[in-house]
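Residues per chain are reported as follows:
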Amino acid sequence: MPTKDIFEREKAGEIISLNDPEYHKIGDLISEAQKIIAEMNTGYHDPADVRQLFAQLTGAEVDESFRLLPPFYTDFGKNIRVGKNVFINHCCEFMDRGGITLEDNVLIGPKVNLITINHPVMPSKRRATYCAPIAIKNNVWIGVAVSVMPGVTIGENSIVAANAVVTKDVPPNTIVGGIPAKVIKTIEDD
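Since the model is a prediction, treat every value here as computed from it, not as a measurement.

Chemist: What's the story with the overall build of the protein chain in this structure? I'm lost.
Modeler: When helices and strands are tallied, the protein chain shows three helices and 18 strands. Against the 2.2 N^0.38 benchmark of 16 Å for 190 residues, the protein chain shows a C-alpha radius of gyration of 17 Å, consistent with a compact globule. Viewed in the frame of its principal axes, the protein chain has a C-alpha envelope of about 55 × 40 × 25 Å. Each of the 190 residues in the protein chain was classed as buried or not, and the buried ones make up 41%. As displayed, the protein chain has an accessible area near 9800 Å², and 54% of this comes from carbon and sulfur atoms.

Below, the structure is given as structure tokens:
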């Protein structure tokens, strides 16, 4: 029997098999998250109700300045943390089992995918998963339909151009774009 629980092992990047004796714990939280996002995505909710549902989803307090436009999708929910003055536009997918942190003043465009989970390359282990966290630093703007892959940090004040696929860390004060995302230019503040 493992000495760490499945959540600690998963956040540490361990490969987790669907046959793991503790996998039911992940399944239970996935089911709970699906109920909350179904409520969030059905009908109209004022911003305070959306914040309350998001706090319930994540299990963490959410600052009054936080804004999210549903629909919103996640596989898990409990590993998302947001700072102050964060805006998440509609139709975003946050697969957060590895942990997603959005620091202060982050702007997330519509249809953004933040993906912290992956499958091993080896065919014999492909039905298992492993995770790596995503960190979005202060004042970052993520454009429409961007996908950020597991283990990526996007540095402070950076911009990710629409439709980019970010597979590597983005330095602070940088604009990146393309597939895979590459540096377009450095941002110089006046």
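Moving on from the coordinates now.
Chemist: Help me understand the sheet that holds strand β3 (residues 80-82), please; the structure alone is not making it clear to me.
Modeler: The strands making up a sheet associate through backbone hydrogen bonding, with each pair oriented either parallel or antiparallel. Reading across the sheet, the four strands line up as β3-β6-β11-β14 and stay open at both edges, with parallel pairing between neighbours. Taken across any chain shown, the strands that pair with only one partner, and hence form the sheet edges, are β3 and β14 (153-154). Alignment of strand β11 (residues 134-136) against β14, held across two bridges, turns out to be parallel. Residue alanine 135 lies in a different strand from β14, and its bridge partner there is threonine 153.

Chemist: Please explain the packing of aromatic side chains as it appears in this structure.
Modeler: What characterises a pair of aromatic rings is the spacing of the ring centres plus the angle enclosed by the ring planes. According to the stated counting rule, one finds four aromatic pairs in the structure shown. Ring plane angle 65 degrees and centroid distance 5.7 Å describe the contact between phenylalanine 54 and phenylalanine 72, whose orientation is recorded as edge-to-face. Residue phenylalanine 54 is located in helix α3 (residues 47-58), and its partner phenylalanine 72 is located in strand β2 (residues 72-74); the two are separated by 18 residues in the primary sequence.

Chemist: What exactly am I supposed to notice about the side chain of serine 158 here?
Modeler: With respect to the helices and strands, serine 158 occurs in the loop between β14 and β15 (159-160). Here asparagine 173 takes part through its backbone nitrogen, which lies 3.2 Å from a polar atom of the side chain of serine 158.

Chemist: In this structure, what is going on with the pairing of strand β18 (residues 182-186)? I would like to understand it.
Modeler: Moving residue by residue along a regular strand, the side chains alternate between the two faces of the sheet. Buried residues are scarce in β18, accounting for zero of its five residues. Bridging between strand β17 (residues 174-177) and β18 involves four bridges; their strand directions are antiparallel. The residue of β18 that forms the bridge with glycine 177 is lysine 182.

Chemist: Please explain the side chain of threonine 174 as it appears in this structure.
Modeler: Within the secondary structure layout, threonine 174 lies in strand β17. Taking the relative accessible area as the measure of exposure, threonine 174 reaches 4% and is therefore buried. At 3.1 Å, the side chain of threonine 174 and the backbone oxygen of proline 171 are in polar contact. Side-chain polar atoms of threonine 174 contact the backbone oxygen of proline 172, separated by 2.9 Å.

Chemist: Could you clarify how one ought to interpret a nonpolar patch on the surface in this entry?
Modeler: Taken together, Ile15, Val121 and Met122 make up a surface patch of nonpolar side chains, about 280 Å² in accessible area. Valine 121 sits in the exposed class, given a relative accessible area of 67%.

Chemist: Explanation requested: the pairing of strand β5 (residues 92-95) in the structure shown.
Modeler: Burial along β5 is one-sided: Cys92 and Phe94 are buried, and none of Glu93 and Met95, which face the opposite way, are. Both β5 and strand β8 (residues 113-115) contribute to a ladder of three bridges, which runs parallel. Along β8, the bridge assignment pairs glutamate 93 with asparagine 113.

Chemist: For this particular structure, what's the right way to read unusual backbone geometry?
Modeler: Leaving glycine out, the prevailing phi sign among residues is negative, and the prevailing peptide bond configuration is trans. In the segment running from proline 70 into proline 71, the intervening peptide bond is cis, with an omega of 5 degrees. Residue placement: proline 71 occurs in the loop between β1 (67-68) and β2. Phi at alanine 145 is positive, roughly 60 degrees, even though this residue is not glycine. Residue placement: alanine 145 occurs in the loop between β12 (141-142) and β13 (147-148). In this structure, asparagine 157 takes a positive phi of about 70 degrees despite not being glycine.

Chemist: Would you mind showing me how to read the nonpolar core here?
Modeler: A general feature of soluble globular proteins is that nonpolar side chains tend to end up buried together. Counting 37 residues, the largest nonpolar core has Phe54, Phe72, Ile88, Phe94 and Leu102 as its most contacted members. Among the secondary structure elements, those contributing two or more residues to this core are α2 (23-40), α3, β3, β5, β6 (100-102) and β11. Beyond its immediate sequence surroundings of up to four residues, isoleucine 88 is in contact with Phe66, Arg67, Leu68, Leu69, Phe72, Phe94, Leu102 and Ile108. With five residues, the next largest nonpolar core counts Ile6, Tyr23, Ile26 and Phe76 among its residues.

What counts, and where the lines are drawn
Residues numbered from 1 in each chain as written. Predicted model: local features only at pLDDT ≥ 70, side-chain atom pairs only at ≥ 80, totals over all residues. Heavy atoms only, no water. Helix = DSSP H or I, 4+ residues; strand = E, 2+ residues; numbered from the N terminus. Rg over C-alpha atoms; globule rule 2.2 N^0.38 Å. Buried < 20%, exposed > 50% of the residue type's maximum accessible area, 1.4 Å probe, protein only. Areas by Shrake-Rupley, 256 points an atom, 1.4 Å probe, with all protein chains shown as cover. Pairing = 2+ DSSP bridges. Phe/Tyr/Trp six-rings, centres within 6.5 Å; stacked < 30°, edge-to-face > 60°. Polar contact = N/O pair within 3.5 Å; in protein donor to acceptor, adjacent residues only side chain to side chain. Patch = residues over 30% accessible without salt bridge, like charges linked within 9 Å, V, L, I, M, F, W, Y side chains within 5 Å. Salt bridge = Lys/Arg side-chain N within 4 Å of Asp/Glu carboxyl O. Core = buried A, V, L, I, M, F, W, Y, C linked by side-chain atoms within 4.5 Å. Contact = heavy atoms within 4.5 Å.

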